[in-house]
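Inside the fold
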Amino acid sequence: MNAIVIREHGGPEVLRPEVLPEPQAAPGEVVIEVTHVGLNHLDVWVRRGVPGHDFHLPRVPGSDVAGTVGGQPVVLHPSWGCGGCAACLDGRQNRCRNFRIRGESANGGCAERIVVPAWQTLPIPAGMSSAEAASLPLALLTAYHMLVVRAGLQRGERVLIQAGGSGVGVMAIQLALAWGCEVHATASSPEKRAAVEALGAKAWAYDAVGVREVDVVVETVGGAAWSASMRALRWGGRLVCCGATGGAEVPLNLRALFFKQIDVLGSTMGSNADMIRAWDLVKAGAIRPVMHAVLPMSRLGGAHAVLERREVVGKVVVAQDLSHG
Ligand SMILES: [Zn+2]
């Protein structure tokens, strides 16, 4: 079958088509006919490489996968644990030392077919396209675990979401609104701020965050945004961080940390149960896809370039065309 394979790190040109052996399903597994793959910044990190991290190339990229099994439309859990360690048995798969993310530490969906354990399929609700469904899981799971599990979001709290137009940002805005929260978000351009306001958040430029006494900050940026996040928090506030797109080293004023009694919380992905609970919110209509573009899978490099320009609000999805691309 046709697939996209990364054999060495680099620019979009390292995303090359290859013919791989046809995948075979073992007992308990199913073959997914892939129709769409949603892109995340993780795809860019896997392609470029990260200093000090081994991605175990070669790798088929693509974390967020939608397709059909026996004609039924499904979308896939993006991650799983070993199933046997204490963290997994506690239902905290994202703390498993053998935690896997599809397209990162296991082969992903940029292929004609993929074999997965049957439990990893989630039904796509009626009225939602496969492209829309492929835009959701990883960002939704990340935002759900940050806000609901790590920060313990309470109804009516005031929330600031850094990079509100990002994949995680648009999910976090919708989750916080579903919790009845007052939602503020930063975005870099007037166009992105308009899109964030259309979702129901009050939008701010990064260097002009005017909200204070915030209960929870969602941080995906780091870098220069970090100090504004710390300033915006109320005494006893929580800052939850899942990314560092603007820089991983940040200044930390310890006096502000201890006087204001701030909780700084790290978060990565979520558990299997978190994914199911977050998907229930999709089925209930509380979370909607926010799409930027659907592009051909055979031009995956071009889709990466769109993502890397950072002008997008919501998700870039690629559609299956590898057999004739
Ligand atoms: Zn485990």
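Preceding block: the structure.
Residues numbered from 1 in each chain as written. Predicted model: local features only at pLDDT ≥ 70, side-chain atom pairs only at ≥ 80, totals over all residues. Heavy atoms only, no water.

Turning our eyes to something else, we now look at the coordination of the zinc ion. Looking at the zinc ion, one finds its protein donor set to be Cys82 (SG), Cys85 (SG), Cys88 (SG) and Cys96 (SG), positioned 2.3 to 2.4 Å from the metal centre. Taken together, the four donor atoms surrounding the zinc ion define angles of 104 to 116 degrees at the centre, an arrangement classified as tetrahedral. Counting residues between consecutive donors of the zinc ion along the chain gives the motif C-x2-C-x2-C-x7-C. Taking relative accessible area as the criterion, cysteine 88 reaches 6% and is therefore assigned buried. (Donors = N, O, S within 2.8 Å, 3.2 Å for Na, K, Ca; no water. Tetrahedral: all angles 85-135°; square planar, octahedral: opposite > 155°, others 65-115°. Buried < 20%, exposed > 50% of the residue type's maximum accessible area, 1.4 Å probe, protein only.)

Pairing of strand β10 (residues 158–161) with strand β11 (residues 182–186) involves four bridges; the strand directions are parallel. The partner of isoleucine 161 across the bridge, within β11, is alanine 185. The parallel pair β10 and β11, bridged by helix α5 (residues 167–178), forms a crossover whose chirality is right-handed. (Pairing = 2+ DSSP bridges. Helix = DSSP H or I, 4+ residues; strand = E, 2+ residues; numbered from the N terminus. Right-handed = clockwise from strand over helix to strand, strands pointing away.)

A word on the packing of aromatic side chains. Per the stated rule, a full pass over the model turns up one aromatic pair. Between phenylalanine 258 and phenylalanine 259 the ring centres are 5.1 Å apart and the planes differ by 40 degrees, which places this aromatic pair in the tilted class. For the pair shown, phenylalanine 258 and phenylalanine 259 are each scored as exposed. A cation sits over an aromatic face here: arginine 48 above tryptophan 45, 5.7 Å from the ring centre. (Phe/Tyr/Trp six-rings, centres within 6.5 Å; stacked < 30°, edge-to-face > 60°. Lys NZ or Arg CZ within 6 Å of the ring centre and 35° of its normal.)

Tallied over the full model, the rule gives ten salt bridges. A salt bridge links arginine 113 to glutamate 33; its shortest N-O distance comes to 3.3 Å. One end of the pair, arginine 113, is in strand β8 (residues 113–117); the other, glutamate 33, is in strand β3 (residues 29–38), and 80 residues separate them in sequence. Of the residues examined, arginine 113 reaches a relative accessible area of 18% and is grouped as buried. Measuring nitrogen to oxygen at the nearest pair gives 2.9 Å for the salt bridge that ties arginine 158 to glutamate 182. With arginine 158 in strand β10 and glutamate 182 in strand β11, this residue pair connects regions lying 24 residues apart in the sequence. Arginine 158 gets classed as partly exposed once you look at its relative accessible area, which sits at 26%. (Salt bridge = Lys/Arg side-chain N within 4 Å of Asp/Glu carboxyl O.)

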